Amino acid sequence: MKKLFLLITMITLISCSQNKNNEEQIKHDGDKSIQQQESEKHNFDSADLKFEVLENKTLVDGKLGHFQLPQFSADGKRLFFTNINYGEIWMWDFTNETLEKIVSLPQCGINFQISENGNTLYFRNKVTKGKKSFSIMSYTIDTKSVDVIYTSERRISTPILLNSSIYILEDDKPININLADNLTSEKFPQPFLFASNDKLIKVSNKIDTLSIPNNEKAISVKYSKDGENIFVLTSSIGVLVYDKMANPINNLTSSGFVRKLYKSNLLLFTEEEDQNDKIINSKLFIGFLNSDKKFEILQNEKSPKFYPDWSPTENKIVYVTEDGSIKLVSFNIEKN
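Attention here is on the structure that accompanies the text.

**Section: the overall build of the chain**
Each helix and strand counted, the chain has three helices and 27 strands in total. Across the 336 residues that make up the chain, the buried fraction comes to 52%. Long-range contacts, defined as pairs at least 24 residues apart, comprise 41% of the intrachain contacts of the chain with a sequence gap of at least 6. Carbon and sulfur atoms make up 45% of the accessible area of the chain, which totals about 16700 Å².

Here it is, written out as C-alpha cells:
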C-alpha cells in the first residue's frame, strides 16, 4: 500500500489543472477528492513524466481460452476475467499463483461484478433450453456455492453492484435488489444511469433522459469498482465521465475503454484506431478524472493493448493482447 500511496501522491502532484469546461461542470469544491484538489494546483506537461517498466510478463496464456476483461479484486489478491464468448469466469490467485476456471454458464462473463471483499461474484445467466429465462446469480469462492438471487421470464440486464445492492433492468424497468434480503424495489438511494435504445437514462425520484453532446448515442454504461464514477460509451465522441450523482465531469473523446484506480482520480484507458469497422491498433494511456491531460504508456510495445486494469495495492497493471493473453506489468513512475 505504501508504494501505491507514493504513486498516487506523485502523479497527483504532477497532474494538471482542470480545463475550463470541466470547471464549469463541477459545482461543489467540497465534493472533490483530495487528489482532485491537489491536481488543480499544478500544471505539468505529460512529457515530464517517466514511466519505467520493471517487468512485462505473460500472466495467463491466451491459448487456454482467448481471455478478456480482467479485473483486480479490491484487495489486489485476485484477478478475474472471462473468455472470448463470455461463457466462463476464470480466477488467478496471486497469493498461491494458481489459475482456476470457477464459473461456466451462458453469458456469465458479461459485466460480472466483484464484491468488495473479493470473495463473491455476481453475474447474469441466460437459459435458452425450453422456456427462455434470465437469472442473476452469485458464486462464492470460499464455499464454491452458486445461488440464484433473482430470476425472470422477462429479459434482464447484466448486474451492477453498488454498495449492498444489485441494480438491473427488467425489460427496461429499473430494479434495485437488496442483497441482505433479496427484496426488490423501484426506489434508488442514489441516481442510477443506464443506456436504453441509444439514450442515457437517469433514475432517481423519476426517470429522465439525459442530454448527450451532439445528440450522440449512448452505447453502454459502466460503473467504477468503488461506485464513485460512471463511464458512458458513446457512438463517436468516446467516453463521458460522470460522478456518482450523475453530474458530468469529463469527456475522453478518443477512448473506448476506461478503468479507474480504486478510490483515486487516476484513469487507465485505451484509444483505438479503426479501419473498416475493425480495430487495427489500441494504445494505452494514463489520465485523470477531471482533466484532459494524458500520457501514453508502453509505447515500445507496438502491438494493440486491450481491457487494462489497475492493481489497487501495487504498482502493477494488466492488459490483454491481440491473441487473448493477459500481460502483467510492474512499473515505476516519476518526474523527469
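Following the structure, the description resumes.
**Some details on the sheet that holds strand β7 (residues 120–127)**
Read from one edge of the open sheet, four strands run β6-β7-β8-β9, paired in antiparallel fashion. The sheet is open, and its two edges are formed by β6 (113–114) and β9 (145–152), each paired on a single side. Here strand β8 (residues 133–140) pairs with β9 via seven bridges, running antiparallel. Considered in β9, the bridge of S135 is made with T151.

**Focus: the nonpolar core**
Counting residues in hydrophobic clusters, the biggest one holds 21 residues, and the most contacted among them are F192, L193, L200, Y223 and V232. Judged by nonpolar contacts, the second largest core, of 17 residues, contains L266, F288, F331 and I333.

**Observations regarding the pattern of salt bridges**
Applying the stated rule across the entire model yields twelve salt bridges. Across the salt bridge formed by K206 and D208, the nearest N and O atoms sit 3.9 Å from each other. Salt-bridge contacts for R259 lead to D309; the nearest nitrogen and oxygen are separated by 3.9 Å. Of this pair, R259 sits in strand β21 (residues 255–260) while D309 sits in strand β25 (residues 306–310), and the two are 50 residues apart along the sequence. Each member of the pair, R259 together with D309, is buried.

**A look at the sheet that holds strand β3 (residues 78–83)**
The sheet built from four strands is open, its strands ordered β2-β3-β4-β5 with antiparallel pairing. The open sheet has two edge strands with one neighbour each: β2 (67–72) and β5 (98–104). Here the strands of the sheet are splayed against their neighbours by 25° on average, with no regard to which way each runs. Sheet topology places strand β4 (residues 88–93) next to β5; six bridges connect them, and they run antiparallel. Counted as the bridge partner of E88 is S104 from β5.

**Here we look at the pairing of β4**
Most of β4 is tucked away: six of the six residues are buried. Residue alternation in β4 divides its side chains into two sets, E88, W90 and W92 and I89, M91 and D93, and both sets are buried. Both β3 and β4 contribute to a ladder of five bridges, which runs antiparallel. Considered in β4, the bridge of T82 is made with I89. The turn linking β3 back onto β4 is made up of four residues, and Y86 within it adopts a positive phi angle of 65°. In this structure, the hairpin formed by β4 and β5 is closed by a connection of four residues, where E97 is found at a positive phi of approximately 55°.

**Topic: the packing of aromatic side chains**
On inspection of all chains with the given rule, the structure shows twelve aromatic pairs. Ring centres of F51 and F331 lie 4.8 Å apart, and the angle between their planes is 25°; on these two criteria the pair is classed as stacked. On the criterion of sequence distance, the pair formed by F51 in strand β1 (residues 49–60) and F331 in strand β27 (residues 326–335) is long-range, its members being 280 residues apart. Neither residue differs from the other here; F51 and F331 are each classed as buried. Ring-pair connections join several aromatic residues into one group, and the members of that group are Y167, F188, F192, F194 and Y223. Just above the ring of F285 sits the side chain of K294; from NZ or CZ to the centre is 4.9 Å.

**Considering the side chain of Q190**
Along the chain, Q190 turns up in the loop between β13 (184–185) and β14 (192–196). What Q190 contacts, discounting residues up to four positions off in sequence, is L162, N163, V203, G227 and K244.

**Thoughts on the pairing of β7**
In terms of residue burial, β7 counts as a mostly covered element, since seven of its eight residues are buried. With two bridges connecting them, β6 and β7 associate as antiparallel partners. Bridged to Q113 within β7 is Y122. Hairpin connection between β6 and β7: a loop of five residues separates the two successive antiparallel strands, and G118 in this loop has a positive phi of roughly 75°.

**Observations concerning the environment of E88**
Looking at where E88 falls in the secondary structure, it is placed in strand β4. As for E88 and S104, which are separated by 16 residues in sequence, their C-alpha atoms are 4.4 Å apart. Contact partners of E88, with chain neighbours within four places excluded, come to F81, T82, N83, K101, V103, S104, C108 and G109.

Reading the values: rules and limits
Residues numbered from 1 in each chain as written. Predicted model: local features only at pLDDT ≥ 70, side-chain atom pairs only at ≥ 80, totals over all residues. Heavy atoms only, no water. Helix = DSSP H or I, 4+ residues; strand = E, 2+ residues; numbered from the N terminus. Buried < 20%, exposed > 50% of the residue type's maximum accessible area, 1.4 Å probe, protein only. Contact = heavy atoms within 4.5 Å. Areas by Shrake-Rupley, 256 points an atom, 1.4 Å probe, with all protein chains shown as cover. Pairing = 2+ DSSP bridges. Core = buried A, V, L, I, M, F, W, Y, C linked by side-chain atoms within 4.5 Å. Salt bridge = Lys/Arg side-chain N within 4 Å of Asp/Glu carboxyl O. Axes fitted to C-alpha atoms, helices over the stretch in contact; angles between N-to-C directions. Phe/Tyr/Trp six-rings, centres within 6.5 Å; stacked < 30°, edge-to-face > 60°. Lys NZ or Arg CZ within 6 Å of the ring centre and 35° of its normal.

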